[in-house]
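A closer look at the structure
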Amino acid sequence: MTRVLLIEDDPAVQKGVTLALRRRGHDIEAAASGETGLLALERYRPELVLLDLMLPGMSGLEVCRRIREARQIPIIILSARGDDIDMVVGLEAGADDYIVKPASGEVLEARMRAVLRRLAPSQQAQADTPADGTGPAAQHETYGALTVDRSGLLVFKNGTELVFAPSELKLLLFLSSAPGRVFSRQQLLEQVWEHSFYGDARLVDACVMRLRAKIEDTPRSPVYVQTVRGFGYRFGPL
């Protein structure tokens, strides 16, 4: 069972999403505005937030930014507006995924599971565990100023721990597991976000932008997450 906070002002959508998720065994609390949603966040302590963009008063984008300032909880934006500008702005504000309404219970469940899996060690991290039983200490890897602890899902820069949203951390772990190898946006969508549909490349680009802001000395001249024009991204070489 996952505790889900739904911030949505449309009573019909509130009811539909609540019923769909409760039928699938989730605990859900709904808030009709950004202000009440932020209050519920402190009291309810959800594991995931479903957030409408078009809210009365405080906008969904502002709610997303405020949540990200204090928490790394997974955020999935729900919106009836599917244009690229809304999608990019929402993702740049810190969301992990974006779903255009109306969405079926099956779609919501699949996206929620995919986002929540980013909080757990990835299959790649598990595959990197030494077969000789040397244990978690062998999972510490150093790349320039970055130290990556795959078993503990921790990343440090010059000894200071960095805090990431789930998508940012999984993207960094995936890219750094194969330094110098180039991955297309489609490959990253399948491996990190576990789904693909029109416009999804923006998920990758927005996440890369946020990741660079945290790990690069100069985000416009990245050393760690580099762009390969016309194809995708790679980690290094340093």
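Summary of the structure given here. (Residues numbered from 1 in each chain as written. Predicted model: local features only at pLDDT ≥ 70, side-chain atom pairs only at ≥ 80, totals over all residues. Heavy atoms only, no water.)

Here we come to the overall build of the protein chain. Scanning the protein chain for helices and strands turns up nine helices and 12 strands. By residue count, 50% of the 238 residues in the protein chain fall in the buried class. Contacts spanning at least 24 positions in sequence make up 58% of the contacts within the protein chain whose residues lie at least 6 apart. For the protein chain, the exposed surface amounts to about 11200 Å²; the carbon and sulfur share of it is 53%. (Helix = DSSP H or I, 4+ residues; strand = E, 2+ residues; numbered from the N terminus. Buried < 20%, exposed > 50% of the residue type's maximum accessible area, 1.4 Å probe, protein only. Contact = heavy atoms within 4.5 Å. Areas by Shrake-Rupley, 256 points an atom, 1.4 Å probe, with all protein chains shown as cover.)

Time to look at the sheet that holds strand E4 (residues 75–79). Strand order in the open sheet formed by five strands is E2-E1-E3-E4-E5, and the pairing between neighbours is parallel. Of all the strands in the sheet, the pair left with one neighbour each is strand E2 (27–31) and strand E5 (97–100). Averaged over all pairs of adjacent strands, the angle between strand axes in this sheet comes to 20 degrees, irrespective of strand direction. As paired elements, strand E1 (residues 3–7) and strand E3 (residues 48–52) share four bridges and run parallel to each other. Directly across from Leu5, in E3, lies its bridge partner Val49. Its contacts with the sheet put helix H3 (residues 60–70) on E1, E3 and E4, and the angle it makes with E3 is roughly 155 degrees. (Pairing = 2+ DSSP bridges. Axes fitted to C-alpha atoms, helices over the stretch in contact; angles between N-to-C directions.)

Our next topic: helix H5 (residues 105–117). Compared with the 18 Å implied by 1.5 Å per residue over 13 residues, the 18 Å span of H5 between its first and last C-alpha is a close match. Considered for burial, the residues of H5 that qualify are Gly105, Leu108, Glu109, Arg111, Met112, Ala114 and Val115. (Expected span 1.5 Å × (residues − 1).)

It is worth spelling out the sheet that holds strand E10 (residues 182–184) at this point. One open sheet accounts for three strands, arranged E10-E12-E11; its pairing is antiparallel. Unpaired on one side and paired on the other, E10 and strand E11 (225–228) mark the two borders of the sheet. Put simply, the sheet's adjacent strands are angled 35 degrees from each other on average, direction ignored. In terms of strand pairing, E10 meets strand E12 (residues 232–235) through three bridges, oriented antiparallel. Bridging from a neighbouring strand, Phe183 pairs with Tyr233 of E12. The strands touched by helix H8 (residues 185–193) within the sheet are E10 and E12, with E10 carrying the most contacts at an inclination of about 85 degrees.

With that settled, the discussion passes to the pairing of E2. With five bridges joining them, E1 and E2 adopt parallel strand pairing. Across the sheet, residue Val4 finds its bridge partner in E2, namely Ile28. Taken together, E1, helix H1 (residues 11–23) and E2 form a β-α-β motif whose crossover is right-handed. (Right-handed = clockwise from strand over helix to strand, strands pointing away.)

For the rest of this paragraph, the subject is the packing of aromatic side chains. One pass over the structure, following the stated rule, counts three aromatic pairs. Summarising the aromatic geometry, the rings of Tyr143 and Phe235 are spaced 5.0 Å apart at their centres and angled 80 degrees between planes, so their arrangement reads as edge-to-face. Of this pair, Tyr143 sits in strand E6 (residues 140–143) while Phe235 sits in strand E12; the two residues are 92 residues apart in sequence, bridging distant segments of the chain. One exposure class covers both Tyr143 and Phe235, and it is buried. Taken together through their ring pairs, the aromatic side chains of Tyr143, Tyr224 and Phe235 make up a single cluster. (Phe/Tyr/Trp six-rings, centres within 6.5 Å; stacked < 30°, edge-to-face > 60°.)

In this section: the pattern of salt bridges. Summed over all chains, the structure comprises 16 salt bridges. Between Arg66 and Glu62 there is a salt bridge, with the nearest N and O atoms lying 3.0 Å from each other. Of this pair, Arg66 and Glu62 are both found in helix H3, four residues apart, which corresponds to roughly one turn of the helix. Judged by relative accessible area, which is 40%, Arg66 ranks as partly exposed. Glu62 gets classed as partly exposed once you look at its relative accessible area, which sits at 27%. A single salt-bridge network, built from bridges that share partners, covers Glu8, Asp52 and Lys101. (Salt bridge = Lys/Arg side-chain N within 4 Å of Asp/Glu carboxyl O.)

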